[in-house]
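Below, each chain spelled out in residue letters.
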Amino acid sequence: MVSEPILRIALSGPLRTLFDYLMPVGMSQLPIIGTRFQVPFGRGGRTGLLIGISDSSELPRERLKRATRQLDDGPLLNEKEMRLLQWAADYYQHPLGDVIFQALPVNLRKTRAISLARPEAWRLSATGRQADIAKLSRAPKQLAVMQTLSVHTDGLLKAELIASSGASDSVLRSLNARGWIERCHLVPSNQSDDNEQHRHPLNPAQQAAVDQVSARLNEFIPFLLNGVTGSGKTEVYLCLIEAVLAQGRQVLVLVPEIGLTPQLMDRFKQRLGHQVALLHSALADGEREAVWHDLRLGNKQVLLGTRSAVFTPMPDLGLVVVDEEHDLSYKQQEGFRYSARDLALVRGQQAGCPVLLGSATPSLESLRNAEEGRYQQLDLPNRVADASLPDMHLIDIRSVPLDGGLSPAMINEIRTALSNKEQVMLFLNRRGYAPMLTCHACGWLTDCPRCDARMTHHRKQNMLWCHHCGHQRRVPQQCPECGSPDLRTIGQGTEQIEERLGNLFPEAPLARIDKDSTSRKGALEKLLEGIHSGAYPLLLGTQMLAKGHHFPDVTLVGILDVDQGLFGADYRASERMAQLILQVSGRAGRAARPGRVLIQTRHPEHPLMQILTRQGYSAFSKEALAERRLALLPPFSHQVLIRAESTKASDPIEFLHRAAAVGKSLNGADQIELWGPVPAPMERRAGRIRAHLLVQSSQRKPLHQWLAQWVPELITLPEARKVRWSIDVDPMEML
Ligand code: ADP
Ligand code: ZN
Ligand code: ZN
């Protein structure tokens, strides 16, 4: 007797093993891999996804439970999509079930059955188009159907047809039996709502980039589009997208934070019309699910979305674009710590299509890949339409009296620009009123009781607020230590600069853009609209203002404080600083009037600062890469960071010591370096003590082979149970 097949199922949640179940009662046909099941688990039920079918299990057969039921009428993910997720689970050493369920829209993680079939649609048949519908005068429902379909010549979804004609299933059946109507697939039409004024003839550099990619549309090949801010990268994307759509294939476009740039969404919609679907954090769960199905079924051809959009099934993928590829938001920083940029490359490889990474400030990783010939580099060295790149100047603030964080030189420049009716943008990457409050009598500081950090003073709310753990308290009237009422702020945040600028330039309305000023729904859109309509001569913001925006009237950009980037604990700090300065600067002088950038610094002679401002990003990145090469840091080596935390101080370090000892005994350990364990840069956060162990290797392959042995060992360590721990492959932040 052939034994009953066993379903190997991945469950949602951080479970590292697969679970075996017998087929549900009454099920006779073998289900297809990628199908969801409801299964009993613990005292309740869970949703799981079928990964494999086997004829044996490690458990004795009588201990296996039956799956409760198959949820959907078919597989949710096909083989190709499963391969990507399996790849990601292996590469990031993250449980497959959690990878799968994070890749699905929230609605599909729940135990709710859906139908995966293409929605039914109807159209007139050839006979139907000739039919004399006057004969139907005594069948008004049938008449209504025929009339409705004669308007919708491409066909109509059954649900819409029924809604507009009032007909029922049986009416459709009888018209079908007569041969007048037939089922059809709705094919999205290729018309866009383009209006020609949004189209520019490409300049030679843009044309060369488009030509090079278009020549290779049917193979996997990574391109790095290195184009200065305002060089027309988006225009290049759009032209290539049109070329791919003309082949009847789909395009995935990843962007860092879509909500910040409604302009970009509008541009895509204008050019590509209803073929575009958008996936971003402001969508409700139902809307996200609808987008997922639209792409899976090919009802939409282009997906413009943030990080998690990289998992959306797209059966005819013909091009992947990653805009601002250097952006940190592509890396998920908790749970399943994947890089959407890197997975985009894997997707392109699996789909056999080009992947275009674009940036004005490419990551050192990508520049190195281009240098080594793994990526084809395409350059857009100039801004479009004769706009020039802004001049950069450093303002030495070492012995200068600052007025609320602003140097006299900066204030003068702002005054001149405003009197010339130019728009000014100021950048400070710190929100709130001041990063800390101190007692002038005894030196007390606003330490967070739960973190090794200070609580930020938010004056409008009269609160002290820890930006690391969210802890809040009212601003005390007097010093909690000595009772002195003389409490003073140290340093500045955007809230304070806004106040100061209001006093200095009362006639110039200011738009402040940071997390606090835009927390209400619609607030950001309103501010951006005001900026574009010229209502705000002064713009002030954090990095929310730095990315992607096109503010054609800004001529002066003032960067108030970037010095922490020069000496950060993280070796990536200077790369980040350079990218931020260049991106912020990129907002200046994008149109006819040339731009100026002023950077306040206490380290004007710092070599990196000098190179960046005098010679630009590519000189800077060469220098930074040379430093990394000497220090054998990524991209000249590969890293994995393991983090552990616990409320008990000694537990994390003990676990990591144990982990290191185990690691050293494994095969291939001679190719691996272990650094630590060491306390995390912020050792205490949200009441937990945190420690790190850094793993490094000059070769990717031995690192991953070793990692695949190590992680299963770690899970079994008794010390692991006392801490929260996580693995971060290719960590982007050492926090
Ligand atoms: P980037 O993405 O590199 O910052 P964009 O594609 O947003 O640049 O282009 C900046 C501005 O220049 C946009 O307003 C765009 O419409 C316009 N533009 C793009 N290409 C051209 C071109 N070839 N000629 C004229 N204007 C262009
Ligand atoms: Zn005091
Ligand atoms: Zn805190």
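Bear in mind that the values here come from a model prediction, so they are computed numbers and not experimental data.

Chemist: Give a detailed account of the packing of aromatic side chains, specifying residues and quantitative values.
Modeler: Scanning all chains against the criterion turns up 10 aromatic pairs. With a centroid separation of 4.8 Å and an interplanar angle of 80°, the aromatic rings of Tyr 91 and Tyr 92 are classed as edge-to-face. Here Tyr 91 matches Tyr 92 in class, with each residue buried. Ring pairs connect the aromatic residues Trp 87, Tyr 91, Tyr 92, Phe 311, Phe 336 and Tyr 338, which therefore count as one cluster. Above the ring of Trp 180, the side-chain terminus of Arg 178 is found at 4.5 Å from the ring centroid. The aromatic ring of Trp 465 is capped on one face by Arg 431, whose charged end is 5.2 Å from the ring centroid.

Chemist: An account of empty space enclosed by the protein is needed here, citing residue identities and associated values.
Modeler: The tally for this structure, following the rule as stated, stands at two cavities of 30 Å³ or more. Of the voids in this model, the largest cavity is the one considered here, and its volume is about 100 Å³. Considering the residues around the largest cavity, the lining is formed by Glu 325, His 326, Asp 327, Leu 328, Tyr 330, Lys 331, Ser 339, Arg 341, Asp 342, Val 729, Asp 730 and Met 732. Taken together, the residues of the lining of the largest cavity sort by class into four nonpolar, two polar and six charged. Counted as a void, the second largest cavity has a volume near 50 Å³. Broken down by element, the residue count for the lining of the second largest cavity peaks at three residues, all from helix α17 (residues 573-585).

Chemist: Got a sec to walk through the coordination of the zinc ion (ligand 3)? Specific residues and values, please.
Modeler: Coordination of the zinc ion (ligand 3) by the protein is provided by Cys 448 (SG), Cys 451 (SG), Cys 466 (SG) and Cys 469 (SG), with metal-donor distances spanning 2.2 to 2.4 Å. Note that the zinc ion (ligand 3) binds four donor atoms; their angles at the metal cover 105 to 115°, and the shape is tetrahedral. Taken in chain order, the donor set of the zinc ion (ligand 3) reads C-x2-C-x14-C-x2-C. Here Cys 451 is found in the loop between β19 (436-439) and β20 (456-458), whereas its partner Cys 466 is found in the loop between β21 (463-465) and β22 (472-474), with 15 residues between them in sequence. Side by side, Cys 451 and Cys 466 carry an identical accessibility label, which is buried.

Chemist: Account for the site of ligand 1, naming residues and giving values.
Modeler: In the neighbourhood of ligand 1, 16 residues make up the surrounding shell, with His 200, Pro 201, Gln 206, Lys 233 and Thr 234 lying closest. Between ligand 1 and the protein, one listed contact pairs an oxygen atom with a side-chain N or O atom of Thr 234 at 2.8 Å. Between ligand 1 and the protein, one listed contact pairs an oxygen atom with a backbone N or O atom of Glu 235 at 3.4 Å. The element that contributes the greatest number of residues to the shell around ligand 1 is helix α9 (residues 233-246), accounting for three residues. Classifying every residue of the shell around ligand 1 by side-chain character gives four nonpolar, eight polar and four charged.

Chemist: Summarise the pattern of salt bridges; cite the residues concerned and give the values.
Modeler: Applying the stated rule across the entire model yields 36 salt bridges. Across the salt bridge formed by Glu 372 and Arg 374, the nearest N and O atoms sit 3.8 Å from each other. The class of Glu 372 is partly exposed, set by a relative accessible area of 42%. Assessed through its relative accessible area of 45%, Arg 374 is described here as partly exposed. Salt bridges here are not isolated pairs; linked through shared partners, they connect Glu 235, Glu 242, Arg 267 and Arg 271.

Chemist: Give me the coordination of the zinc ion (ligand 2): which residues, what numbers.
Modeler: Ligation of the zinc ion (ligand 2) by protein atoms is provided by Cys 439 (SG), Cys 442 (SG), Cys 479 (SG) and Cys 482 (SG), these donors lying 2.2 to 2.4 Å from the ion. Taken together, the four donor atoms coordinating the zinc ion (ligand 2) and their angles of 104 to 113° define a geometry best described as tetrahedral. The motif formed by the donor residues of the zinc ion (ligand 2), counted along the single chain, is C-x2-C-x36-C-x2-C. Owing to a relative accessible area of 40%, Cys 442 belongs among the partly exposed residues under this scheme.

Chemist: Could you give an account of helix α16 (residues 523-532), naming the residues involved and the relevant values?
Modeler: Buried residues of α16: Ala 523, Leu 524, Leu 527, Leu 528, Gly 530 and Ile 531, and no others. Within α16, the buried residues cover an arc of 160° as seen down the axis, which keeps them to one side. Counted as exposed and oriented over 90 degrees from the buried face of α16: Lys 526 and Glu 529. As for α16, its buried residues are in contact with α10 (262-272), β18 (423-427), β24 (510-513) and β25 (538-541).

Chemist: Can you tell me about the domain arrangement of the chain, naming the residues and giving the values?
Modeler: Each domain of the chain was delimited in the assignment, giving domain 1 (6-109), domain 2 (121-184), domain 3 (196-385), domain 4 (387-433 + 492-630) and domain 5 (638-729). Averaged C-alpha coordinates put domain 2 and domain 3 at centres separated by 41 Å.

Chemist: Please set out the environment of Gly 491 residue by residue, giving values where relevant.
Modeler: Looking at the element boundaries, Gly 491 is found in the loop between β23 (487-490) and α15 (494-504). Distance from Gly 491 to Leu 295, taken between C-alpha atoms, is 49 Å for residues 196 residues apart in sequence. Residues in contact with Gly 491, not counting those within four places in the same chain, are Tyr 433, Ala 434, Pro 435 and Gln 496.

Chemist: Go over the packing of α17 against helix α18 (residues 607-615), please, and point to the residues and values.
Modeler: One can describe the packing of α17 onto α18 by two numbers: an axis separation of 11 Å at closest approach and a directional angle of 30°. Between α17 and α18, the interaxial angle falls into the category roughly parallel. α17 and α18 meet at a crossing whose hand is right-handed. Contact with α17, carried on its side by Ser 574, Met 577, Ala 578, Ile 581 and Leu 582, involves Leu 608, Met 609 and Leu 612 of α18 and no other residues of that element. Of the residues in the contact of α17 with α18, the class split is seven nonpolar, one polar and no charged.

Chemist: Please set out unusual backbone geometry residue by residue, giving values where relevant.
Modeler: Pro 635 follows Pro 634 through a cis peptide bond whose omega is 5°. Tracing the backbone through its elements, the reader meets Pro 635 in the loop between α19 (617-631) and β28 (638-646). The step from Gly 676 to Pro 677 runs through a cis peptide bond, and the omega angle for that step is 5°. Its place among the elements puts Pro 677 in strand β29 (residues 673-685). Unusually for a residue other than glycine, Gln 93 sits at a positive phi of about 50°. Among the secondary structure elements, Gln 93 is positioned in the loop between α1 (79-92) and α2 (96-103).

Chemist: For the sheet that holds strand β17 (residues 391-396), give the residues involved together with the corresponding values.
Modeler: The strand order across the open sheet formed by six strands is β17-β27-β26-β18-β25-β24, and the pairing between neighbours is parallel. Each of the sheet's edge strands pairs with one partner strand only, and the pair in question is β17 and β24. Direction aside, the axes of adjacent strands within the sheet are offset by 20° on average. Two elements, β17 and strand β27 (residues 596-601), share six bridges in a ladder whose sense is parallel. Looking across to β27, one finds that Asp 396 is bridged to Thr 601.

Chemist: Provide a residue-level description of the nonpolar core, including the pertinent values.
Modeler: Ranked by internal contacts, the top residues of the largest apolar core, which has 116 residues, are Ile 100, Ile 581 and Trp 710. Per element, the largest residue contribution to this core is seven residues, and it comes from α1. When sequence neighbours within four positions are dropped, the list of residues in contact with Ile 581 reads Met 392, Ile 559, Val 562, Ile 599, Met 609 and Leu 612. Counting 32 residues, the second largest nonpolar core, distinct from the first, contains Ile 221, Phe 223, Tyr 237 and Leu 264.

Cut-off values and rules
Going along each chain's sequence as written, the residues are numbered from 1 onward. Chains and ligands are labelled by the order in which they are written, letters from A for the one and numbers from 1 for the other. Owing to the predicted nature of the model, reporting of local features is limited to residues with pLDDT of at least 70; listing and counting of side-chain atom pairs is limited to 80 or more, with chain, interface and lining totals taken over all residues. To obtain the side-chain values, all non-hydrogen atoms of the structure were included, while hydrogens and water were left out. A pair of Phe, Tyr and Trp rings is counted when the ring centres sit within 6.5 Å of each other, with Trp represented by its six-membered ring. The angle between the planes then sorts it: under 30 degrees is stacked, over 60 is edge-to-face, the rest tilted. Relative accessibility thresholds used throughout: buried, under 20% of the residue-type maximum; exposed, over 50%; partly exposed, between the two (1.4 Å probe, protein chains only). Any Lys NZ or Arg CZ found within 6 Å of a ring centre and within 35 degrees of that ring's normal is scored as a charge over the ring. Cavity: a set of points on a 1 Å grid over the protein atoms alone where a 1.4 Å probe fits but cannot get out. Pocket: an open set with protein on both sides within 12 Å along at least five of seven lines, its lining residues, like those of a cavity, having an atom within 4 Å of a point. Grid points are joined across faces, edges and corners, and a volume is the space filled by probe spheres set on the points. Here the term charged refers only to Asp, Glu, Lys and Arg, the term nonpolar to Ala, Val, Leu, Ile, Met, Phe, Trp, Tyr, Cys and Pro, and the term polar to all other amino acids, Gly among them. Numbered from the N terminus, helices here are DSSP runs of H or I no shorter than four residues, and strands are runs of E no shorter than two. Here a donor is an N, O or S atom found within 2.8 Å of the metal, or within 3.2 Å if the metal is Na, K or Ca; sites may look incomplete because water is not among the atoms. The rule is simple: four donors are tetrahedral if all their angles sit between 85 and 135 degrees, four are square planar and six octahedral if opposite donors span more than 155 degrees and the others lie between 65 and 115, and anything that fits none of that is irregular. Nearness of a residue to a molecule or strand requires only that one of the residue's heavy atoms be within 4 Å of it. Any pair of nitrogen or oxygen atoms within 3.5 Å is treated as a polar contact; in protein, a donor-acceptor pairing is required on top of that, and neighbouring residues in sequence qualify only through side-chain atoms on both sides. Here, a salt bridge means any Lys or Arg side-chain nitrogen found within 4 Å of an Asp or Glu carboxyl oxygen. The arc refers to the directions leading from the helix axis to the C-beta atoms. Contacts are residue-level and defined by heavy atoms, with any inter-residue pair within 4.5 Å sufficient. Throughout, the edges of the domains are those of an automatic or database domain assignment. In this analysis an axis means a line fitted to C-alpha atoms, helices contributing only their contacting stretch, and an angle means the value between N-to-C directions, from 0 to 180 degrees. When describing relative orientation, an angle under 35 degrees is termed roughly parallel and one over 145 degrees roughly antiparallel, while 65 to 115 degrees is termed roughly perpendicular and anything else oblique. Less than a right angle of anticlockwise turn of the near helix away from the far helix marks a crossing as left-handed, whereas a clockwise turn marks it as right-handed. One requirement defines pairing of two strands: DSSP has to find at least two bridges between them. Remark: nonpolar core denotes a set of buried residues (Ala, Val, Leu, Ile, Met, Phe, Trp, Tyr, Cys) joined through side-chain atoms within 4.5 Å.

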